[in-house]
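Fold and geometry: a report
Listed below, chain by chain, are the residues.
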Amino acid sequence: MLWIPGPTYVRPEVLAEQEAPLIGHRSAAMVDLIASLDPGLRLAFGLRDGSGSQVAVGTHSATAMMEGSLHGVGPRILVCVNGAFSERWGEIARLLGKDVVVLEFEWGRVVDPTCLAETLTSAGPFDAVTLVVNETSTGVRTPLDSIAPVLEQHPDTLLLVDVVSSIAGYAIDFDANGVDFALAGINKALALPPGLCVFAASERYLESARARERACWYIDPVRTLDGHVARKTPATPAITLYRALARQLADIGAGWLEGGDFATAAAAWNARFERHERMRERALEWARSHGIEPFPEEAGWSPTVSCFRAGDLDVPSLSAGLAARGETVGGGYGPLKTETFRIGHMGDHTEAGLETLLVAFDEVVRLQRATGR
C-alpha cells in the first residue's frame, strides 16, 4: 500500500472512471462534466454560500499554477519559506523578474504571524504574500486562521496559498481566511492520479489579474478560469481525469468512505476532515510508543502528512523492511532525506489500513533496533 505523501493510493472505482469511452471536449457531455465539478470544488475550498470567488480546473501540475498565479499580481512579493515547496515559489517569482523578499523560518516551524506582521510593516508594501499551508516536505501545517488577521491589516496585499496536501484533507475556509488565490494538485488528499490542478480565485485577485498584461497563455489563471466558467476549456483538457475528479467529489459529498447517511454534503466533507485528524493522532501515538519524535513543532502537526525524526533508525533500511511487507512510506525530503521519514495518511486511506501499516512498522523498528538492520 502506498503511504508516501503523494501521489497516494487511488481507489479502483476512481481509476475505472478513466476507462470510459472518450467524449469530445466541445460536446454537451463535456459541458455537463465540467459543471458537475463546481459544487464539490466549492466545498473543497470552503467557499461561503453566495461567494463571488470562483473555482477552476487546469490540465497541468500545481507547480505550473504557482507560476501562473504570479502573473496576476504586482511586482513585490513576500515569500514565506519553511520548507522545500514554499522555497520553490520564491524561485519561480525570481525567474519571473519579481522583486522578492524572503521571510524564512526553520524547517519544521509554522509561519509565525507576528514575524509576518512585522515584515509586512517594516519591508512593505507588498503586492502579494505566498504561503504553503501544508508543507509536504516537513509535515508542517500553518493555520490559515492565524494568518488572516495579519493580512486584514494590509488590504492592498493579496494572499496566495498552496493547498496541495491540504485540500480534501482538512478545512481551508478560503473566504473566511481572506485567501485570494489557492492552488492544489489532485494527487494527495484528493486521492486522484496526478495531472490536474484545481484552484480558487477571489474577486479582488481577478480584478488585479485582469488589469495586468500577463505574459503567459497555457498557465494563465484568468484564461483558465474564464474557460471553466464558460464550460469551454482553452485547450483540450485531460478528459479522463475530469471524470475521475467528478467521481471522487461526488463520493466525498455522499460520505461514501465515512459511512454515508449525512444530512448535507458539507457534513460529509467535515467527516472526512475528522478522519484525517484521527489518523494523525494515531500516528503520533504510535511514534511515542517507540520513542520516535515528530519533526515539526506541535503547533504545526499536519492531519495529512506526519514527519518523524529517524533518530537511531536507518531510513533506507526502514523503507526496505516496510516494502518487503507490502507497505511504502516516504523518506525525508531534500536535506532531511536520511534524518526523517514521512507517512501520508491522507485521501482515501482508512483507519484500519493505518493499523496494518503500524503493525508492519512495529516489526521493522523492533528488528532494526535488535539487529541493527
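Residues numbered from 1 in each chain as written. Predicted model: local features only at pLDDT ≥ 70, side-chain atom pairs only at ≥ 80, totals over all residues. Heavy atoms only, no water.

1. Quick word on the pattern of salt bridges
In the structure shown here, the tally under the stated rule is 23 salt bridges. The partner of Arg-231 in a salt bridge is Asp-38, and the shortest N-O contact between them spans 3.0 Å. Residue Arg-231 is located in the loop between helix H8 (221-229) and helix H9 (239-254), and its partner Asp-38 is located in helix H2 (residues 28-45); the two are separated by 193 residues in the primary sequence. With respect to burial, Arg-231 and Asp-38 carry one shared label: buried. Close ionic contact of Arg-280 with Glu-281 constitutes a salt bridge, the shortest N to O distance being 2.7 Å. (Salt bridge = Lys/Arg side-chain N within 4 Å of Asp/Glu carboxyl O. Helix = DSSP H or I, 4+ residues; strand = E, 2+ residues; numbered from the N terminus. Buried < 20%, exposed > 50% of the residue type's maximum accessible area, 1.4 Å probe, protein only.)

2. Some words on the pairing of strand S3 (residues 76-81)
Within S3, five of the six residues are buried, leaving the element largely enclosed by the surrounding structure. Here S3 pairs with strand S4 (residues 99-104) via six bridges, running parallel. Within the sheet, the bridge partner assigned to Ile-77 lies in S4 and is Val-100. Crossover connection from S3 via helix H4 (residues 84-95) to parallel S4: handedness right-handed. Direction of pairing for S3 relative to strand S5 (residues 128-132): parallel, over a ladder of three bridges. Looking at S5, one finds that Val-79 is bridged to Thr-130. (Pairing = 2+ DSSP bridges. Right-handed = clockwise from strand over helix to strand, strands pointing away.)

3. Notes on the sheet that holds strand S8 (residues 158-162)
With respect to topology, seven strands assemble into an open sheet ordered S2-S10-S9-S8-S5-S3-S4, the strand pairing being mixed. Taken across any chain shown, the strands that pair with only one partner, and hence form the sheet edges, are strand S2 (54-58) and S4. Averaged over neighbouring strand pairs, the angle between their axes works out to 20° when direction is ignored. In this structure, strand S9 (residues 181-185) lies alongside strand S10 (residues 197-201), joined through five bridges in antiparallel fashion. Counterpart to Ala-184 in the pairing with S10 is Val-198. Across the sheet, H2 lies against S2, S9 and S10, angled at about 110° from S2, the strand it touches most. Each of S2, S9 and S10 touches H8; the most contacted strand, S2, lies at about 100° to it. (Axes fitted to C-alpha atoms, helices over the stretch in contact; angles between N-to-C directions. Contact = heavy atoms within 4.5 Å.)

4. Some details on the packing of aromatic side chains
Following the criterion strictly, the structure yields eight aromatic pairs and no others. An angle of 50° between the planes, with centres 5.1 Å apart, marks the rings of Phe-85 and Tyr-333 as tilted. Of this pair, Phe-85 sits in helix H4 while Tyr-333 sits in the loop between strand S12 (328-331) and strand S13 (340-343); the two residues are 248 residues apart in sequence, bridging distant segments of the chain. Tyr-333 gets classed as partly exposed once you look at its relative accessible area, which sits at 28%. Of note, Arg-11 hangs over the ring of Trp-256, and the distance from its end group to the ring centre comes to 4.3 Å. Cation over ring: Arg-141 sits above Tyr-170, and NZ or CZ is 4.7 Å from the ring centre. (Phe/Tyr/Trp six-rings, centres within 6.5 Å; stacked < 30°, edge-to-face > 60°. Lys NZ or Arg CZ within 6 Å of the ring centre and 35° of its normal.)

5. Details of helix H5 (residues 113-122)
Restricting attention to buried positions, one finds in H5 the residues Leu-116, Thr-119 and Leu-120. Taken end-on, H5 shows its buried residues confined to a sector of 100°, consistent with a single buried face. Along H5, exposed side chains directed more than 90 degrees from the buried face belong to Thr-121 and Ser-122. In this structure, the buried side of H5 is in contact with S3, S4, S5 and helix H6 (144-152). (Arc of directions from axis to C-beta.)

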